[in-house]
Amino acid sequence: MNLANVNLSYADLSGADLSSANLSSANLKGADLSDADLTRADLKGANLSGDNFMGADLSGATNSNLNGATASSAEYVVCHTILPSGRLPTKDC
């Protein structure tokens, strides 16, 4: 699915199947991505500020902002989110 450069700010994408989606440079500011499947998604350059990733699966996703992300970031909610590194943080839960 090609959603590169698309404005999805504040969209309700909870539970969406976005596996392998191209979301590069997409505006996802404030989007609800809770329980979304983002495995292998391309998030390079995407605006992820204020997003809710609670329960989302980001394993294998590409984004320099998430690859080294820690659960202490105030920019997004990551409770029970599978990060690209395979970590499962519990902060914000």
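Preceding block: the structure.
Residues numbered from 1 in each chain as written. Predicted model: local features only at pLDDT ≥ 70, side-chain atom pairs only at ≥ 80, totals over all residues. Heavy atoms only, no water.

Peer 1: Help me understand the overall build of the chain in this model?
Peer 2: Looking only at helices and strands, the chain features one helix and zero strands. Evaluated residue by residue, the chain yields a buried proportion of 39% over its 93 residues. Sequence-distant contacts in the chain: of pairs separated by 6 or more residues, those separated by 24 or more amount to 15%. Summed over all atoms, the accessible surface of the chain reaches about 4,500 Å², with 48% contributed by carbon and sulfur. (Helix = DSSP H or I, 4+ residues; strand = E, 2+ residues; numbered from the N terminus. Buried < 20%, exposed > 50% of the residue type's maximum accessible area, 1.4 Å probe, protein only. Contact = heavy atoms within 4.5 Å. Areas by Shrake-Rupley, 256 points an atom, 1.4 Å probe, with all protein chains shown as cover.)

Peer 1: Any chance you could explain the environment of Ser 20 here in plain terms?
Peer 2: Position of Ser 20 relative to the elements: it lies in the segment before α1 (64-67). The partly exposed category is assigned to Ser 20, whose relative accessible area is 43%. For Ser 20 and Asp 42, which are 22 residues apart along the polypeptide, the C-alpha to C-alpha distance reads 6.9 Å. Leave out the neighbours within four places in its chain, and Ser 20 touches Thr 39, Arg 40 and Ala 41.

Peer 1: Honestly, the side chain of Thr 39 in this entry has me stumped. Any pointers?
Peer 2: Turning to its location among the elements, Thr 39 is positioned in the segment before α1. Look at Thr 39 and you get buried, because its relative accessible area is 9%.

Peer 1: Sorry if this is basic, but what is going on with the environment of Leu 58 here?
Peer 2: Take Leu 58: it is sitting in the segment before α1. Judged by relative accessible area, Leu 58 falls into the buried class, the value being 0%.

Peer 1: So what exactly am I meant to see when it comes to unusual backbone geometry here?
Peer 2: Trans is the common state for peptide bonds, and a negative phi is the common state for residues other than glycine. One non-glycine residue, Tyr 10, lies in the positive phi region at around 60°. Summarising the element assignment, Tyr 10 is placed in the segment before α1. Tyr 10 sits in the exposed class, given a relative accessible area of 58%. Its identity is not glycine, yet Arg 40 carries a phi of approximately 60°, on the positive side. Summarising the element assignment, Arg 40 is placed in the segment before α1.

Peer 1: Sorry, what's going on with the nonpolar core here?
Peer 2: Most often, soluble globular proteins have nonpolar side chains that are buried together. The biggest cluster of nonpolar side chains holds 21 residues, and the ones touching the most others in it are Leu 18, Leu 23, Leu 28, Leu 33, Leu 38 and Leu 43. Leave out the neighbours within four places in its chain, and Leu 33 touches Leu 13, Leu 18, Leu 38, Asp 51, Asn 52, Phe 53 and Ala 56. (Core = buried A, V, L, I, M, F, W, Y, C linked by side-chain atoms within 4.5 Å.)

Peer 1: Quick question: what am I supposed to make of the environment of Lys 29 here?
Peer 2: Along the chain, the position of Lys 29 falls in the segment before α1. Taking the C-alpha atoms as reference, Lys 29 lies 4.7 Å from Ser 9; in sequence the two are 20 residues apart. Setting aside chain neighbours within four positions, we find Lys 29 in contact with Ser 9, Tyr 10, Asn 47, Ser 49 and Asp 51.

Treat this as a map of the structure, not an account of what it does.
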